[in-house]
Amino acid sequence: MNSIINWVSIKKYEDINFLFWNGISKIEINRPKFCNAFRVKTVKEMIDAVNICENKMDIDVLIITGVGKKYFCSGGDQNERGLGGYMGEDGIPRLNILNFYKKIRELHKPVIAMVNGYSVGGGHVLHVVCDLTIASENSYFSQVGPKVGSFDGGFGSSYLARHIGQKKTREMWFLCKKYSAKEALDMGLINKVVKIDELEKFTIKWCQTIQKRSQMSIRLIKRCLNAELDGQHGLMQLAGDATLMFYLMKESQEGKKAFLEKRDPNFKKFTKFL
């Protein structure tokens with residue numbers, strides 16, 4: 001691996017850094033004074049960045065992390081929390097972090113959480129919904145909703161239980177305990193633990209390995225793995241990619257060509273498969 005990683009900015013934001021290097025993009029939550037907690041603006045910027053990732057052909061993998069060596073993300077900024085959600089600049093309360101979780105799952109490219117410290121509350125759910133999680137040794141994981149009058153009944157609980165089981169999920173939510181990186185690895189919550197100074201280099205190495213694999217295969221396996229939990233929406237995304245693959249086949253192209261030539265298509269000439 002090239003030892004020199006020269007990240008360049010894709011787009012300037014207030015609350016995040018959005019960077020690119022050699023087919024890899026990185027979103028960094030840049031609110032270290034607030035323990036990298038997110039507010040409405042932070043989430044809007046992250047959603048915008050993921051939309052860019054979705055449409056840029058030169059991006060293969062997305063990394064999500066936090067600035068510094070202490071906090072990945074500490075969840076929603078309680079200073080910004082009002083009645084009904086977190087207050088935006090327009091004074092309207094929102095829970096738009098839920099839309100960001102969905103965007104991560106909808107993105108047809110792999111998303112890796114590079115956890116560089118505390119992953120707490122909504123920040124913990126954030127790493128859970130990513131496809132892979134690589135954490136530094138100084139990382140800690142915790143759900144704190146019941147301590148601050150909140151909870152996540154979606155991916156933060158049902159999908160979490162698919163990772164670590166019902167009993168451990170209930171323990172995590174009911175007791176609001178803090179778990180070390182080693183404990184998280186042992187319970188199947190994360191994929192790998194490395195030293196903090198090796199975290200980015202190791203994450204990039206995994207990204208580069210993924211880049212060598214069939215992008216269509218990875219795209220489809222992500223859809224297949226999501227489909228069970230995401231219901232009709234997940235099936236629609238899987239079916240959409242299946243349609244994409246069919247459009248690439250000569251049999252599909254014959255249908256379009258026949259229509260444009262105002263003739264009946266000849267589908268009989270194509271091989272049947274058992």
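Structural data are supplied above this passage.
First, a word on what this report is: a plain description of the structure on this page. Quick caveat: nothing in here was measured; it's all calculated off a predicted structure. (Residues numbered from 1 in each chain as written. Predicted model: local features only at pLDDT ≥ 70, side-chain atom pairs only at ≥ 80, totals over all residues. Heavy atoms only, no water.)

**Some points on the pairing of strand β9 (residues 111-115)**
Counted residue by residue, β9 has five buried out of five residues, so it is predominantly covered. Of the pairings in the sheet, the one linking β9 to strand β11 (residues 132-136) comprises four bridges and is parallel in character. The residue bridging Ile-112 from the neighbouring strand is Leu-132, located in β11. (Buried < 20%, exposed > 50% of the residue type's maximum accessible area, 1.4 Å probe, protein only. Helix = DSSP H or I, 4+ residues; strand = E, 2+ residues; numbered from the N terminus. Pairing = 2+ DSSP bridges.)

**Some details on the side chain of Ser-119**
Position of Ser-119 among the secondary structure elements: in strand β10 (residues 118-120). By relative accessible area, Ser-119 is classed as buried at 0%. A polar atom in the side chain of Ser-119 sits 3.1 Å from the backbone oxygen of Gly-123. Once you skip the residues sitting within four places of it in the chain, Ser-119 turns out to touch Phe-72, Cys-73, His-124, His-127, Tyr-140, Phe-141 and Ser-142. (Polar contact = N/O pair within 3.5 Å; in protein donor to acceptor, adjacent residues only side chain to side chain. Contact = heavy atoms within 4.5 Å.)

**Observations concerning the nonpolar core**
Counting 45 residues, the largest nonpolar core has Ile-27, Ile-64, Phe-100, Leu-126 and Leu-189 as its most contacted members. Among residues more than four places away in sequence, those in contact with Ile-27 are Ile-16, Asn-17, Phe-18, Met-46, Ala-49, Val-50, Leu-62, Ile-63, Ile-64 and Thr-65. By size, the runner-up hydrophobic cluster in this structure holds 16 residues, among which are Leu-19, Ile-24, Ile-112 and Met-114. (Core = buried A, V, L, I, M, F, W, Y, C linked by side-chain atoms within 4.5 Å.)

**A short note on the sheet that holds strand β12 (residues 140-142)**
Ordered by their spatial adjacency, four strands build an open sheet running β5-β10-β12-β13, and the pairing between neighbours is mixed. In this open sheet, the two strands that pair with only one neighbour each are β5 (71-73) and β13 (179-180). Bridge count between β10 and β12: three bridges; the pairing is parallel. Across the sheet, the residue bridging to Ser-119 is Phe-141, located in β12. On top of the sheet, helix α3 (residues 122-129) reaches β5, β10 and β12; it is set at about 100° to β10, its chief contact. (Axes fitted to C-alpha atoms, helices over the stretch in contact; angles between N-to-C directions.)

**Looking at the sheet that holds strand β14 (residues 192-194)**
Reading across from one edge, β1-β2-β3-β4-β9-β11-β14 is the order of the seven strands in this open sheet, with mixed pairing throughout. Strands with a single pairing partner mark the edges of an open sheet, and in this sheet they are β1 (8-12) and β14. On average, each strand axis in the sheet is tilted by 25° relative to the strand beside it, whichever way the strands run.

**As for a nonpolar patch on the surface**
There is a patch of nonpolar side chains on the surface, built from Phe-246, Tyr-247 and Met-249 and spanning about 320 Å² of accessible area. For Met-249, the position within the fold is in the loop between α9 (215-247) and α10 (250-260). (Patch = residues over 30% accessible without salt bridge, like charges linked within 9 Å, V, L, I, M, F, W, Y side chains within 5 Å. Areas by Shrake-Rupley, 256 points an atom, 1.4 Å probe, with all protein chains shown as cover. Salt bridge = Lys/Arg side-chain N within 4 Å of Asp/Glu carboxyl O.)

**Looking at the pairing of strand β3 (residues 24-29)**
Most of β3 is tucked away, with six of its six residues classed as buried. Residues Ile-24, Lys-26 and Glu-28 point to one face of β3 and Ser-25, Ile-27 and Ile-29 to the other, with burial holding for every one of them. Direction of pairing for strand β2 (residues 16-21) relative to β3: antiparallel, over a ladder of six bridges. Paired with Asn-17 across the two strands is Glu-28, which belongs to β3. Sheet topology note: the β3/strand β4 (residues 61-66) ladder contains six bridges and is parallel. By the bridge assignment, Glu-28 is partnered in β4 with Thr-65. Following the chain from β3 across helix α1 (residues 40-55) to the adjacent parallel β4, one finds a crossover that is right-handed. (Right-handed = clockwise from strand over helix to strand, strands pointing away.)

**Description of the environment of Gly-66**
Tracing the chain through its elements places Gly-66 in strand β4. Classification of Gly-66 by relative accessible area gives buried; the value is 6%. Gly-66 sits 31 residues away from Cys-35 along the chain, and the two C-alpha atoms are 9.0 Å apart. Discounting chain neighbours no more than four positions away, the residues touching Gly-66 are Ile-29, Asn-36, Tyr-71, Phe-72 and Asn-116.

**So, the pattern of salt bridges**
Applying the stated criterion to the full structure yields 21 salt bridges. Between Arg-39 and Glu-14 there is a salt bridge, with its nearest N and O atoms 3.1 Å apart. Of this pair, Arg-39 sits in the loop between β3 and α1 while Glu-14 is found in the loop between β1 and β2, placing the two residues 25 residues apart along the sequence. For Lys-182, the salt bridge identified is with Asp-186, shortest N-O distance 2.9 Å. With a gap of four residues between them, Lys-182 and Asp-186 both fall in helix α7 (residues 181-186), about one helical turn apart. Each member of the pair, Lys-182 together with Asp-186, is exposed.

**Structural notes on the side chain of Ser-139**
Note on placement: Ser-139 falls in the loop between β11 and β12. On the accessibility criterion, Ser-139 (0% relative accessible area) is buried. The residues touching Ser-139, leaving out its near neighbours within four places in the chain, are Val-115, Asn-116, Gly-117, Tyr-179, Ser-180 and Ala-181.

Any functional reading would require information beyond the geometric quantities listed.
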